[in-house]
Amino acid sequence: MACNSLNHDPQDSYGPGTVVDTDFLPLPAECRRLLRIFAARTPGFTKDNTLLDGVVFHGDDLPCIPGPIKSQAVTAVLHAMVGIVGLEILHLRGISTSTVTLVDINHAGLYPATAALVNIDGHTGPSVINLPTVPQWDKDRASNSPLVYRATAIYETADKGVWFQLHGSLDSWKTLALLGIGKDLDAEIRTNDTAYALIQDRVRKYRAREIEQLMVAKGFSGSIVFSPEGWLQTEMGRSLARHPLINYRQQTQCPILEPPLFSKVDDKRPLAGIKVVELVRIIAGTAAGAALASMGAEVIRVNSSKLKDYTPAQPSSLMAGKIAIDLDLEDPADHKRLTRLFEQADVILQGYRLRSLERRGFGLQAALEMANKRGKGIIYVDENCYGPDGYYAERPGWQQVADAAAGSSYVMGQSFGCPPGQGVLPSLPISDMSTGILMALTVMCAIRDRAKFGGSYHGHASLTAYNMATLDPDVRLYQRQVVQMINDKYRFPVWSSDAHVAPLYYSILDAWDKNSDLIQDEKYYVHFSDSEFGTDLRVLAPVVKYAKQECSPRWDSPPVSFCHHQFRDFSEI
């Protein structure tokens, strides 16, 4: 399934709607350029040059993430923007007057691989998943069934040159059943290649729009692989393009609520005293909560032990600094408990299907009514695949689906020399993790504005919006010769449309490990000696640093598994 090696003219584009650099800027300079672009496009973001120029980007000149998309630079810039807003909050709290934010670009390059970089008592990589201390929240994926793994891959449709990102979501067998593939075949299909060939045969019976509508009709995830231009020509693409990337606004239809006073606490981190309900699943929302916890927020993660979650290593990489409780909203007592948390919270992170929690009394309007009753504004931020409105807004979606929709998979296919239309997955769960930091940035902008202007705020972060930002004509893509330079340095493997995200990102880590000292550098990690997962748990540390250590992001408690704690209210300050 491998595509041709890179041998194209450096000035070639990567398909319709792509713009390529004419010159290569070293990463620190490129990050400074992009920071100015993203800051100028963000409503309400500072124009203070002392804060913008106070960001110190440092690290290697050459990216460490394969491909032409400037994922590493954009992710570093989003972290820098988090750092800037954190400084603004410290200024408002009277704690610091510093204007310096430190961002190690190499560290930012590792950030999308956070879950894969976990080390528990010397175990790293896939072996972490098999440790008895790491819970398995998805038994189907833990079975290592080739059909389950290849239920999430990119396949050519009956329309020649039009490919489709199939996604098994949290129940791959339901997706496979739509294609006439049952569990009875599991014992017969024992290799990934055989599984891919079988599913490809079934997908190729459908035209692209037919399989797209089939998935929509059944409430399943998936997407046609669009070029960047092709996506922007869809009504959904145009709908999402109307919104800024950092997308939030004050809820002016509500009564005017005075700016709240910051809590008087000894903790000098920007969000100390801020209370966050993390009502999410999977990766992006969990990463947002981890970032806010590192900034000092008290984060209570709400799971239901009756629901699947994903990424077995996730609890040990994205759950530091959190309280993790188990609530069943079908239980009236648990429903009341979540209501209590909403009444106490400053921030709600909502990562379930858009507006699905409204039916249970925990949507935006319910949160605003609670805030109005108590006389203190609240911040409610949704995270999803497709954005706040448009005909796919309430459709389920995943990182791979967003990659296919926005054009990232198309661009990766072109970078590997594949035929036009063929999609290839980006190397890491980049849009998942980076949408997490985007969600955290959205929250922090709203916290700053609430402290200055009062009121309540609603925000939105989406996987596809992040991808669109990285493909923006002003951001541009790396020249093919630069992509080749990156490959020459790290000797990354070649992969194609059949790749699954987990083995793929472990292969990227293997290349880093064999061809650089990037992932061996201890300055990028933090260790916990008192974790439930082992006596020495190492996870990737927060990316942002400040001049004063006491103000810098950190986690004060080790990661925990989902549903680890008994219910508790937020702390009284």
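Conventions we followed
- Residues numbered from 1 in each chain as written.
- Predicted model: local features only at pLDDT ≥ 70, side-chain atom pairs only at ≥ 80, totals over all residues.
- Heavy atoms only, no water.
- Helix = DSSP H or I, 4+ residues; strand = E, 2+ residues; numbered from the N terminus.
- Rg over C-alpha atoms; globule rule 2.2 N^0.38 Å.
- Buried < 20%, exposed > 50% of the residue type's maximum accessible area, 1.4 Å probe, protein only.
- Contact = heavy atoms within 4.5 Å.
- Pairing = 2+ DSSP bridges.
- Right-handed = clockwise from strand over helix to strand, strands pointing away.
- Axes fitted to C-alpha atoms, helices over the stretch in contact; angles between N-to-C directions.
- Parallel < 35°, antiparallel > 145°, perpendicular 65-115°, else oblique.
- Left-handed = near helix turned anticlockwise from the far one by under 90°.
- Salt bridge = Lys/Arg side-chain N within 4 Å of Asp/Glu carboxyl O.
- Domains from an automatic or database assignment.
- Buried area = accessible area lost by both parts, 1.4 Å probe.
- Polar contact = N/O pair within 3.5 Å; in protein donor to acceptor, adjacent residues only side chain to side chain.
- Phe/Tyr/Trp six-rings, centres within 6.5 Å; stacked < 30°, edge-to-face > 60°.

J.: Help me understand the overall build of the chain, please; the structure alone is not making it clear to me.
T.: Across its full length, the chain holds 21 helices and 17 strands. Computed over the C-alpha atoms, the radius of gyration of the chain is 22 Å, within 12% of the 25 Å expected from 2.2 N^0.38 for a compact globule of 573 residues. Within the chain, the fraction of its 573 residues that count as buried is 64%. A sequence separation of at least 24 residues applies to 79% of the contacts in the chain between residues at least 6 apart.

J.: Would you mind going over the pairing of strand β12 (residues 347-350) with me for this structure?
T.: Regular strands show a simple pattern: their side chains alternate between the two faces of the sheet. The side-chain alternation of β12 yields two buried faces, one formed by V347 and L349 and the other by I348 and Q350. Pairing between strand β9 (residues 275-279) and β12: four bridges, direction parallel. Pairing of V277 across the sheet is with I348, part of β12. In this region the chain leaves β12, passes through helix α15 (residues 364-374) and returns to the parallel neighbour strand β13 (residues 379-384); the handedness of that crossover is right-handed.

J.: I tried to follow the packing of helix α14 (residues 332-344) against α15 on my own but got confused; where do I start?
T.: Between two packed helices, the angle of one axis relative to the other and the distance separating the axes together describe the packing. Look at α14 against α15: their axes get within 9 Å of each other, and the N-to-C directions meet at 55 degrees. Taken together, the axes of α14 and α15 lie oblique to each other. When you trace α14 past α15, the crossing you get is right-handed. From α14, T339, F342, E343 and Q344 reach across to α15, where they touch A367, M370 and R374.

J.: What is the right way to look at the sheet that holds β13 in this model?
T.: By way of backbone hydrogen bonds, the strands of a sheet pair with one another, either parallel or antiparallel. In spatial order, the strands read β8-β14-β13-β12-β9-β10-β11; together these seven strands make up an open sheet with mixed pairing. If you trace the sheet from one side to the other, it starts and ends with β8 (247-250) and β11 (322-326), each paired once. Across the sheet, the mean angle from the axis of one strand to that of its neighbour is 15 degrees, orientation sign disregarded. Relative to β13, β12 runs parallel, the two being bridged by four bridges. From the neighbouring strand, L349 faces β13, where its bridge partner is V381. Across the face of the sheet, α14 comes into contact with β9, β10 (298-303), β11, β12 and β13 while running at roughly 140 degrees to β9.

J.: What's the story with the pattern of salt bridges in this structure? I'm lost.
T.: Counting across every chain of the model gives 32 salt bridges. Between D474 and R41 there is a salt bridge, with the nearest N and O atoms lying 2.4 Å from each other. Remark: R41 occurs in helix α1 (residues 27-41) and D474 occurs in the loop between α19 (463-470) and α20 (480-490); sequence separation between them is 433 residues. Classification of R41 by relative accessible area gives partly exposed; the value is 40%. The shortest N-O distance in the salt bridge between K523 and D104 comes to 3.8 Å. Of this pair, K523 sits in the loop between α21 (501-515) and β15 (525-528) while D104 sits in strand β2 (residues 101-104); the two residues are 419 residues apart in sequence, bridging distant segments of the chain. Residues participating in the shared-partner salt-bridge network are D21, E30, R33, K70 and R476.

J.: How do you make sense of helix α17 (residues 408-415) when you look at a structure like this?
T.: An α-helix turns once per 3.6 residues; consequently, residues spaced three or four apart project the same way. Burial within α17 is extensive, with eight of its eight residues counted as buried. Within the sequence span of α17, burial applies to S408, S409, Y410, V411, M412, G413, Q414 and S415. Among the residues trailing α17, G417 stands out with phi positive, at a value near 80 degrees.

J.: Is there a simple way to explain the domain arrangement of the chain in this structure?
T.: Interfaces are frequently sized by the accessible area removed from exposure as the parts join. What the domain assignment reports for the chain is domain 1 (27-137 + 238-551) and domain 2 (146-237). On a C-alpha basis, the centroid separation for the pair domain 1 and domain 2 is 27 Å. Note on domain 1 versus domain 2: buried area summed over both sides is about 3,100 Å², and carbon and sulfur give 58% of it. Along the contact surface separating domain 1 from domain 2 lie two salt bridges. Linking domain 1 to domain 2 there are 21 residue pairs in polar contact (both at pLDDT 80 or more). Top element by residues in the side of domain 1 that touches domain 2 is helix α16 (residues 399-406). It accounts for five residues.

J.: So what exactly am I meant to see when it comes to the sheet that holds strand β4 (residues 123-124) here?
T.: On the basis of which strands lie adjacent, the open sheet formed by four strands has the order β4-β3-β16-β15 and antiparallel pairing. Each end of this open sheet is capped by a strand with a single partner; those strands are β4 and β15. Relative to strand β16 (residues 537-540), β15 runs antiparallel, the two being bridged by four bridges. Bridging from a neighbouring strand, F528 pairs with L537 of β16.

J.: I would appreciate a short explanation of the packing of aromatic side chains in the present structure.
T.: Two numbers describe a pair of aromatic rings. These are the distance of the centres and the angle of the planes. Applying the stated criterion across every chain yields a total of 11 aromatic pairs. Between F416 and W495, the aromatic rings sit 4.8 Å apart at their centres with planes inclined by 75 degrees, giving edge-to-face as the arrangement. Placement of the pair is F416 in the loop between α17 and α18 (430-453) and W495 in the loop between α20 and α21, with a sequence separation of 79 residues. Assessed through its relative accessible area of 7%, W495 is described here as buried. Here the aromatic residues F226, W231, Y386, Y391 and Y392 are joined through ring pairs into a cluster of three or more.

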